[in-house]
Amino acid sequence: MEARKRLSAVAVGGAMLLAVAACGGGGTGTSSTPGATQPPAAGGSDKAFVWALSAEPKALDGAYVSDGESLRVIRQMFEGLVGTKPGSTEVVPALATKWESTDGTNWTFTLKQGVKFHDGTDFNAEAACWNFERWYNFKGAQQNPAVSYYWYTVFGGYAKNEDASLAPSSYKGCKAEGTDKITISLAAPSASFIAALSLPSFSMVSPAAIQKSGDAVEMKGDAPEFTGKFATEAPVGTGPYKFVSWQRGDRVTLQAFDGYHGEKAKIKDLIFRAISDAPARRQALESGEIDGFDQVEPADVDTLKGAGFQVQERSALNVGYIGFNQKMAPLDNPKIRQAIAYAINREALVQAKYPAGSRVATQFMPPELTGYNEGVTTYGYDVNKAKQLIAESGVANPTIELWYPTGVTRPYMPDPKANFEAFKADLEAAGFKVTVKSARWTPEYLDAVDNGKAMVYMIGWNADFADADNFVGTFFQQFNKRFGFENKEIFDKLNAAEQETDAAKRTTLYQEANKLIMDFLPGLPYVHNKSFVGLGKDVQGFLTDPLSNENFSLVSRG
Amino acid sequence: MLRFIVRRLLVLVPVLLGLSIALFAWVRALPGSPAQALLGERATQAQIEMINRQMGLDQPLYEQYLRFLGKVVRLDFGTSVQTSQPVIDEMIRRFPATFELGVTALLIAVVVGVPLGYFAARRNGTWLDSATITGSLIGITIPVFFLAYMLKYVFAVKLGWFPNTGRQEARMLDVEHPTGFYVLDGLVTGNMAAFWDAILHLVLPAIALATIPLAIIARITRAAVLDVLNEDYVRTAESKGLTSGVVTRRHVLRNALLPVTTVIGLQFGLLMSGAILTETVFAFPGVGKFVADAIPTRDYPSLQGFILVIATLFVLINLVVDVAYGLIDPRVRVR
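Residues numbered from 1 in each chain as written. Chains lettered and ligands numbered in written order. Predicted model: local features only at pLDDT ≥ 70, side-chain atom pairs only at ≥ 80, totals over all residues. Heavy atoms only, no water.

The name recorded for chain B in an unreviewed UniProt entry is Peptide/nickel transport system permease protein, from Nonomuraea soli. Taken verbatim from the UniProt record of chain B, the Sequence similarities (unreviewed entry) comment is "Belongs to the binding-protein-dependent transport system permease family." Its UniProt record gives chain B a comment under Subcellular location (unreviewed entry), which states: "Cell membrane". (UniProt positions renumbered as here; feature names shortened; annotations may be inferred.)

Chain A is annotated in an unreviewed UniProt entry as Peptide/nickel transport system substrate-binding protein of Nonomuraea soli.

The structure is reproduced here in structure tokens:
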């Protein structure tokens with residue numbers, strides 16, 4: 001380990017520092033020079049852009065991470081075959097200029113020509129297929145869900161699954177045709193995988209760089225350890241920024257890549273620094289040490305705006321919902337489910353407890369995604385209707401167990417207990433008897449929900465990629481213990497939609513599915529919330545992205 | 001003396017063994033598992049079980065403990081869940097930051113605390129004395145977290161005199177860190193801008209961290225000097241016509257500083273707990289911040305490793321203080 005070699009340097013340094021300190025300690029005086037904290041660099045667009053992350057990246061190889069902060073840095077250095085239009089969820093060409101399929105099973109991608117990796121090697125059909133084969137052939141600790149989470153989520157298992165719990169892979173192979181065409185074959189038709197490929201986890205890496213630096217992962221007892229140097233010391237992609245250094249605990253430094261095939265980055269030096277404390281991030285922005293950070297606390301929005309800083313809203317792709325387990329009576333009774341839906345005042349809750357701009361959800365996916373249906377049954381707040389439905393249901397004095405998690409906040413659920421109290425009051429007003437159930441988020445709460453032990457429960461979802469399949473497909477395409485129902489009509493509709501390659505037909509199928517789902521009412525979606533990005537006064541060109549896929553190469557200074 | 005040291009070192013073995021068991025049990029009693037911390041609501045039961053299997057978390061606790069102990073004696077603390085790097089590497093990487101901060105804080109505490117205590121005692125009963133007593137009481141009772149936050153708010157955010165996060169200005173490019181001690185690195189590489197910047201980054205966190213030790217040192221010094229001033233040998237020295245400077249140096253301070261030395265050693269433990277809070281407020285990437293971040297991320301290996309090493313250091317430093325005490329004070333010298 002490089003750090004071990006540094007042990008002796010550290011020891012020597014420590015001794016020397018003590019010696020310096022012993023010689024009077026004059027360096028600790030409290031005198032200060034106003035303005036001394038200003039960086040020596042020149043102003044204007046030459047001034048480095050500093051972004052505060054909430055945590056250090058884990059690794060800089062997209063295939064090995066699923067956490068947002070790692071992916072945010074990776075996004076600047078790497079590109080996939082497809083991307084998303086900045087600031088939207090629309091899937092657009094990236095390293096592939098177009099893609100087509102006649103059967104949904106074999107997908108042919110035409111690749112952009114003249115693209116170079118940061119190490120000077122060519123990106124071509126051979127390199128693209130090499131990347132897919134690399135993921136498919138992951139072994140040992142590389143197959144751990146904490147490592148190759150997104151490959152497993154999108155493509156199922158690996159060439160040789162090493163754990164019985166892993167599913168068979170839906171990936172069949174990749175064939176290069178010439179230098180600019182590849183064909184990816186799947187086991188079954190899928191159209192959702194195109195959107196999934198826009199995830200930074202499916203970024204194209206330089207085969208030569210991997211071979212040179214290594215990409216080994218070892219399971220050392222407690223956690224995966226990235227022993228190969230590619231992910232930690234020498235990441236090489238095709239993106240607008242290239243890697244310079246990663247001083248752990250301090251910063252990751254990137255620099256604009258002169259040989260970039262697209263529009264070159266406007267700011268030369270890009271620096272990521274981890275500041276885990278939320279108030280500290282805000283103060284660092286206020287003092288000008290950083291140029292931006294994500295997840296501004298809703299309470300700070302007005303303060304920052306008042307001081308002249310920019311605050312951008314992001315329509316986060318998420319949904320908060322109340323789930324119903326139909327294996328448990330009386331939730332198997334549709335009138336009871338409808339009564340719950342009418343009893344709950346979602347508008348009041350969203351207005352009182354969520355940041356301004358958050359929206360009441362009418363279905364299980366946000367309106368930004370294609371397949372959203374304006375015409376679903378909406379169940380507006382109506383206590384009398386709820387009481388009437390209870391009476392019609394034939395269930396006398398319906399009792400429900402309402403679950404909420406402790407020890408957690410999620411973007412769609414900033415204060416679970418406050419939501420719970422509002423729901424409970426609403427339900428009781430409509431005539432339900434509510435039994436309180438609460439548990440720690442992990443492991444007890446998620447355990448109970450996932451294993452069908454919770455009757456009515458609060459939960460939600462943050463999108464991985466911008467596709468209806470990532471929402472309704474994940475929840476309702478097959479039997480799910482959380483919801484405890486079999487509904488062939490919904491399952492079939494979602495299967496057809498996932499496999500449909502004609503975009504217009506696919507949209508219609510998802511719209512129909514959303515209508516079916518909201519009539520059947522397996523749960524009650526109640527919120528799509530917003531999040532906020534704080535930016536320095538002179539930052540220009542920053543486009544917040546629903547998937548936090550912000551592209552820093554577009555940013556400049558005014 | 002050697003037998004004394006060896007005996008004390010041997011006592012360390014059962015102490016650390018006990019500590020390791022307590023730590024192991026405590027960390028496992030924390031709610032949540034690393035598997036779920038890694039995957040959040042996306043974790044399926046099968047994935048959690050697979051991760052637990054690969055991490056060995058499905059085995060009996062005593063087996064997990066024995067495996068942990070077997071590695072610890074080889075200085076292998078496992079891999080950090082937060083960073084996927086060896087815990088020992090993380091320690092080595094973060095130790096210089098905390099060491100720099102701790103030394104600066106202790107220096108402030110001694111350089112300010114000892115004279116303050118001394119003059120308070122000399123001017124016993126005056127306004128200076130009352131102010132010192134009151135001030136030190138406030139210093140001891142004020143929460144470090146609150147003080148750090150206020151210092152930062154006033155001097156970094158509002159006045160802009162000092163930087164408010166990290167160890168080095170993020171926009172300072174081309175800075176080399178051969179030793180990891182940023183102040184020293186500035187000197188070694190001849191980069192005076194980086195040297196000065198590193199010092200500026202130390203000031204506020206070091207003041208926050210120094211308050212409690214400073215208050216304690218001032219109080220102990222005051223009490224000790226008051227005691228000594230009433231001793232016969234001081235009166236004798238004064239009456240035989242020695243200058244007050246000589247009396248102060250040779251008779252008062254030399255004797256009064258004995259208890260102060262012990263107290264300084266004991267401040268180490270306080271500094272560590274203070275560092276966790278101070279480093280969090282100032283996003284100062286040291287050992288304390290790493291430990292603080294390890295709790296929400298269920299970073300078992302790092303928590304165990306760091307606390308074990310800190311505890312060992314604490315015990316060793318106390319040993320050094322005891323030995324030094326013996327050397328300074330002939331009355332307690334062990335033969």
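Bringing the nonpolar core into the picture now. By size, the foremost hydrophobic cluster in this structure holds 80 residues, and its most contacted members are Leu81(A), Phe109(A) and Phe132(A). Sequence-distant contacts of Phe132(A), that is, excluding residues within four places in its chain, are made with Leu81(A), Trp151(A), Phe155(A), Tyr171(A), Cys174(A), Ile184(A), Leu197(A) and Met204(A). (Core = buried A, V, L, I, M, F, W, Y, C linked by side-chain atoms within 4.5 Å. Buried < 20%, exposed > 50% of the residue type's maximum accessible area, 1.4 Å probe, protein only. Contact = heavy atoms within 4.5 Å.)

Residues and elements named next belong to chain A. Strand order across the open sheet formed by six strands is β16-β20-β15-β19-β17-β18, with mixed pairing between neighbours. Edge positions in the open sheet fall to β16 (359-360) and β18 (433-440), since each of these has one partner strand only. Examined bridge by bridge, strand β17 (residues 399-406) and strand β19 (residues 456-462) share two bridges and lie parallel to one another. Following the sheet pairing, Trp403 is matched in β19 by Tyr457. (Pairing = 2+ DSSP bridges. Helix = DSSP H or I, 4+ residues; strand = E, 2+ residues; numbered from the N terminus.)

Residue and element names in this part refer to chain A. Under the criterion given, the structure shown has one disulfide over all chains. Across the disulfide, Cys129 is cross-linked to Cys174 (sulfur-sulfur distance 2.0 Å). Across the S-S bond of Cys129 and Cys174 the torsion is about -75°, and the bridge reads as left-handed. Here Cys129 is found in helix α3 (residues 125-136), whereas its partner Cys174 is found in strand β6 (residues 171-177), with 45 residues between them in sequence. Relative accessible area serves as the criterion here: at 7%, Cys129 is assigned to the buried category. (Disulfide = S-S within 2.5 Å.)

Quick look at the packing of helix α5 (residues 87-122) of chain B against helix α9 (residues 192-229) of chain B now. Residues and elements named next belong to chain B. Orientation of α5 relative to α9, taken along the N-to-C sense of each, is 35°, at an axis distance of 5 Å. The way α5 lies across α9 gives a crossing that is right-handed. Each residue belonging to the contact of α5 with α9 can be placed in one class, and the counts come to 24 nonpolar, five polar and three charged. (Axes fitted to C-alpha atoms, helices over the stretch in contact; angles between N-to-C directions. Left-handed = near helix turned anticlockwise from the far one by under 90°. Nonpolar A, V, L, I, M, F, W, Y, C, P; charged D, E, K, R; others polar.)

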